[in-house]
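The lines below spell out each chain.
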Amino acid sequence: MTTSLQLHARTVVLDLEGTTSAAGFILGDLYDYARPRLAAWLDEHAGDPDVAVARGQVIADAGLPADASTAQIVAVLHGWMADDVKSTPLKTLQGQIWAEGFRRDEISSHFFDDVIPQLRAWHAQGVDLVVFSSGSVTSQVPWFRHSPDGDLTPLITDYFDTVNAGPKKIASSYDTIAARLGRAPEQIVFFTDHPEEVAAAREAGWQTLAFSRPGEPWFGADFGASAVASSFTDVEVVSA
Ligand SMILES: CSCCC(=O)C(=O)COP(=O)(O)O
Ligand SMILES: [Mg+2]
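This one's a predicted model, so the numbers in the text were calculated from it and none came from an experiment.

A. Representation of the coordination of the magnesium ion (ligand 2). Within the protein, Asp15 (OD), Asp15 (OD), Glu17 (O) and Asp193 (OD) serve as the donor atoms for the magnesium ion (ligand 2), at 2.2 to 2.6 Å. Ordering the donors of the magnesium ion (ligand 2) by residue number gives the pattern D-x1-E-x175-D. With a relative accessible area of 4%, Asp15 lands in the buried category.

If you want it as structure tokens, here you go:
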């Protein structure tokens, strides 16, 4: 195997959409699964505190009346899904629906062919693997459990989302994750496809590796001073 990029890090933090996994799969198969289920989910789980918080956040963020109907809320959620808005209440609701779908074996996850072998290799070498995605932790865990190559959760030590860490385009979220992991920022490398996430992680002192994959939304973007790769096979991680 030829590699072109060597990184020295204790922890690799992984973005999902566009980095480990195809945006087209998430925006296609997963969104198609959640879209028709949102209304019933909101009504049937109205007593769930997370659903109630999400409902209130949609109303506040979209400027809906306090007594907005489920149909009004769903119309907003569908609009955000059409634009792939990384809204926390949308991710809360989608995440619960997907978790149920994974549990029922009605959906499974997607990883690019180059990803899983490298995750296994880095894990075997003692590199910690952690997730930071806009997708909720509720959906991240079954995403790794129901992969086409079996249960990958033994490879992952921690999961972060916009609730337990904060927005991905803000440096303080990366400070929060480093503190939770007990790592100095320079011991961590963030793999992501989004230029503003690269910038935020670098502002927090993290190493970054930008993924510019043909066919993905941020292919060919300007990632500033960050190293850039198009495949996990191009990368060697040395635990340091
Ligand atoms: C856990 S699968 C769903 C992922 C998702 O909803 C999402 O928005 C992924 O965005 P990312 O921050 O990983 O680019
Ligand atoms: Mg991404």
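B. Representation of the packing of helix H4 (residues 70-82) against helix H5 (residues 88-103) in the model. Running from N to C, H4 and H5 point in directions that differ by 95°, and their axes come no closer than 10 Å. Taken together, H4 and H5 sit at an angle that is classed as roughly perpendicular. Two secondary-structure elements touch here, H4 through Leu77, Trp80 and Met81 and H5 through Pro89, Leu90, Leu93 and Gln94. Residues of the contact of H4 with H5, tallied by class, amount to six nonpolar, one polar and no charged.

C. Expanded view of the site of ligand 1. Taken together, 14 residues are adjacent to ligand 1, and Asp15, Lys86, Ser133, Ser134 and Lys168 come closest. Residue Lys91 places a side-chain N or O atom 2.9 Å away from an oxygen atom belonging to ligand 1. Lys168 is positioned with one of its side-chain polar atoms (N or O) 2.7 Å from an oxygen atom of ligand 1. When residues of the shell around ligand 1 are traced back to their parent elements, those giving at least two are H5 and helix H7 (137-145). The element contributing the most residues to the shell around ligand 1 is H7, with three residues. Residues that form the shell around ligand 1 fall into these classes: four nonpolar, five polar and five charged. Residues lining the shell around ligand 1 come from more than one domain, with at least three contributed by each of domain 1 (5-21 + 109-238) and domain 2 (28-103).

Conventions we followed
Residues numbered from 1 in each chain as written. Chains lettered and ligands numbered in written order. Predicted model: local features only at pLDDT ≥ 70, side-chain atom pairs only at ≥ 80, totals over all residues. Heavy atoms only, no water. Donors = N, O, S within 2.8 Å, 3.2 Å for Na, K, Ca; no water. Buried < 20%, exposed > 50% of the residue type's maximum accessible area, 1.4 Å probe, protein only. Axes fitted to C-alpha atoms, helices over the stretch in contact; angles between N-to-C directions. Helix = DSSP H or I, 4+ residues; strand = E, 2+ residues; numbered from the N terminus. Parallel < 35°, antiparallel > 145°, perpendicular 65-115°, else oblique. Contact = heavy atoms within 4.5 Å. Nonpolar A, V, L, I, M, F, W, Y, C, P; charged D, E, K, R; others polar. Near = heavy atom within 4 Å. Polar contact = N/O pair within 3.5 Å; in protein donor to acceptor, adjacent residues only side chain to side chain. Domains from an automatic or database assignment.

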